[in-house]
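Architecture and fold: a report
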Amino acid sequence: MKGSPKDTYLYTIVIRYMLLFIVLILLSGVWLFGITQGWEVFFERWNVAMFWHKVEMPSWHGLIEIATPHLWGMGMTLFVTAHFLLFGERFSQRKAIFMSFLLFGLMFMDIFAYLPSLLGFDAAALKPLFMFLFVAAFLVLEGLLWWSL
Amino acid sequence: MRFLLTKEKELRPLLVVLINGVLIALSIYLIMDIVLHAVTLGMTPDALRTTLYGSEEQFVEPMPFGTLLLQVHTDLFMTLFVVLILASISVRVLETARAKRIILHLLGLTGVFTPIFLLIAYFTTYTVLFIWLLFFLGWHLLTLVLSCFLIWKVMR
């Protein structure tokens, strides 16, 4: 079977579509969180004391049900997206390593953000906080990747 | 994806086996995904209309928006990986750059718009729902035909 390995520039089209898909996945994920928790978690009552108690806690069963597919899905998406930084020439490897550490760290904190509350700590607001930080960092990664293509 | 990039013109035997394996799995997934959507949403226009908008005559409530959004969220993720796998194999295996570019844009655009149309249909009219059905079946048909074609190309 003969292939055409010389058309590697076409991978940039694939990567751009991937970035578009990921923006839509992030948006729909935030939207899902918003409709289950109520949008006021993000947009209203920025009085810290009120905000702190606004987020509804899932049960242990709920945490496992949400965390299991997200560990696979977010981990896989992050790995596939970040590995393209290995091939970018306009982006230093030190920055790529820093971004990857940051994103994987935020991913775990986002997925397990309900854990401290389930263990009895008063930390419900960690979920929207880490979700916001993860989405923002992922969008920065996407911007860097788009720019480095 | 980049593991497909080699300077060799011929694919190694291991890569041929791997590509065939993933394409066969993908083809079966695509068929089962149509069945899964038919079961959860309905596949005839009337069944879809009843699921999404409900029916007063049959005492059926409309589908909750959260359930639909979860479906769209999952569909986007699954579509992303199908597009990534098929597109990267197409770039490596197909021969002309023009054909590759057309396939990539067709895969990407129909893949992006299919879940978006389902979301828009929830808030608008039955016509958009029908467009979603056409896009859904079109994208699945495109990916199935492409998978079979790539298997044939790799085996040749």
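Residues numbered from 1 in each chain as written. Chains lettered and ligands numbered in written order. Predicted model: local features only at pLDDT ≥ 70, side-chain atom pairs only at ≥ 80, totals over all residues.

1. A word on the overall build of chain A
The helix and strand tally for chain A stands at seven helices and zero strands. From first element to last, N terminus to C terminus, chain A shows the α and β order α-α-α-α-α-α-α. The burial tally for chain A puts 23% of its 149 residues in the buried class. Put simply, 73% of the contacts in chain A that link residues at least 6 apart link residues at least 24 apart. (Helix = DSSP H or I, 4+ residues; strand = E, 2+ residues; numbered from the N terminus. Buried ≥ 20, exposed ≤ 12 C-beta atoms within 10 Å, placed from the backbone. Contact = placed C-beta atoms within 7 Å.)

2. Some words on the overall build of chain B
Each helix and strand counted, chain B has five helices and zero strands in total. Element order for chain B, N to C, with α for helix and β for strand: α-α-α-α-α. C-alpha atoms of chain B, sized along the principal axes, occupy 65 × 25 × 20 Å. Split into buried and exposed, the 156 residues of chain B put 31% on the buried side. Long-range pairs, those at least 24 residues apart, make up 65% of the contacts in chain B between residues at least 6 apart in sequence.

3. Observations concerning the interface of chain B and chain A
Contact residues are listed per partner, giving 34 residues for chain B and 26 residues for chain A. When residues of the side of chain B that touches chain A are traced back to their parent elements, those giving at least two are α3 (65-93), α4 (97-123) and α5 (126-155) of chain B. With 17 residues, α3 of chain B is the single largest residue contributor to the side of chain B that touches chain A. Residues of the side of chain B that touches chain A, tallied by class, amount to 18 nonpolar, six polar and 10 charged. (Nonpolar A, V, L, I, M, F, W, Y, C, P; charged D, E, K, R; others polar.)

4. Brief notes about the confidence of the model for chain B
Residues of chain B with pLDDT of at least 70 account for 94%, and the chain-wide mean is 89. Complex prediction metrics read pTM 0.87 and ipTM 0.88. (pLDDT = per-residue confidence, 0-100.)

5. Looking at the environment of G138 of chain B
Relative to the helices and strands, G138 of chain B is located in helix α5. Separated by 64 residues in the primary sequence, G138 of chain B and T74 of chain B place their C-alpha atoms 19 Å from one another.

6. With respect to the environment of V128 of chain B
Residues and elements named next belong to chain B. With respect to the helices and strands, V128 occurs in helix α5. Judged by local crowding, V128 falls into the partly exposed class, with 16 C-beta atoms found within 10 Å. Each residue touching V128, except ones within four places of it in the same chain, is listed here: F117, I120 and A121.

7. Focus on the confidence of the model for chain A
Mean pLDDT over chain A: 83, with 83% of residues reaching 70 or higher. Considering each helix and strand of chain A separately, the mean pLDDT is smallest for helix α3 (residues 48-52) of chain A, with a value of 51, and largest for helix α4 (residues 60-83) of chain A, with 92.

8. With respect to the nonpolar core
Counting residues in hydrophobic clusters, the biggest one holds 57 residues, and the most contacted among them are V14, M18 and F21 of chain A together with L80, V83, A87 and W132 of chain B. Those elements giving two or more residues to this core turn out to be α1 (11-37), α5 (93-111) and α7 (126-148) of chain A together with α1 (13-40), α3, α4 and α5 of chain B. Ranked by residue count, the leading element in this core is α3 of chain B, at 13 residues. Among all residues touching V14 of chain A, those that are not within four sequence positions of it are L84, A87, S88, V91 and L104 of chain B. (Core = buried A, V, L, I, M, F, W, Y, C linked by C-beta atoms within 7 Å.)

9. Here we look at unusual backbone geometry
Notably, F59 of chain B is not glycine yet its phi reads approximately 55°, a positive angle. By the element assignment, F59 of chain B lies in the loop between α2 (45-53) and α3.

10. Topic: the packing of α3 of chain B against α5 of chain B
All names here are of chain B. Relative to each other, α3 and α5 sit at 35°, their axes nearing to 11 Å. The two elements α3 and α5 meet at a crossing, and its hand is left-handed. Packed against α3, whose contacting residues are V82, L86, I89, S90 and V93, the element α5 presents T143, L146, S147, L150, K153 and V154 at the interface. Tallied by class, residues from the contact of α3 with α5 come to seven nonpolar, three polar and one charged. (Axes fitted to C-alpha atoms, helices over the stretch in contact; angles between N-to-C directions. Left-handed = near helix turned anticlockwise from the far one by under 90°.)

11. Some words on the packing of α4 of chain B against α5 of chain B
Residue and element names in this part refer to chain B. Between α4 and α5, whose axes approach to 8 Å, the crossing angle comes to 150°. One way to sum up the angle between α4 and α5 is to call them roughly antiparallel. Both α4 and α5 take part in a crossing whose hand is left-handed. Between α4 and α5, the contacting residues are I103, L106, L107, T110, G111, F113, T114, F117, L118, I120 and A121 on the first element and V128, L129, I131, W132, F135, F136, G138, W139, L142 and L146 on the second. (Parallel < 35°, antiparallel > 145°, perpendicular 65-115°, else oblique.)

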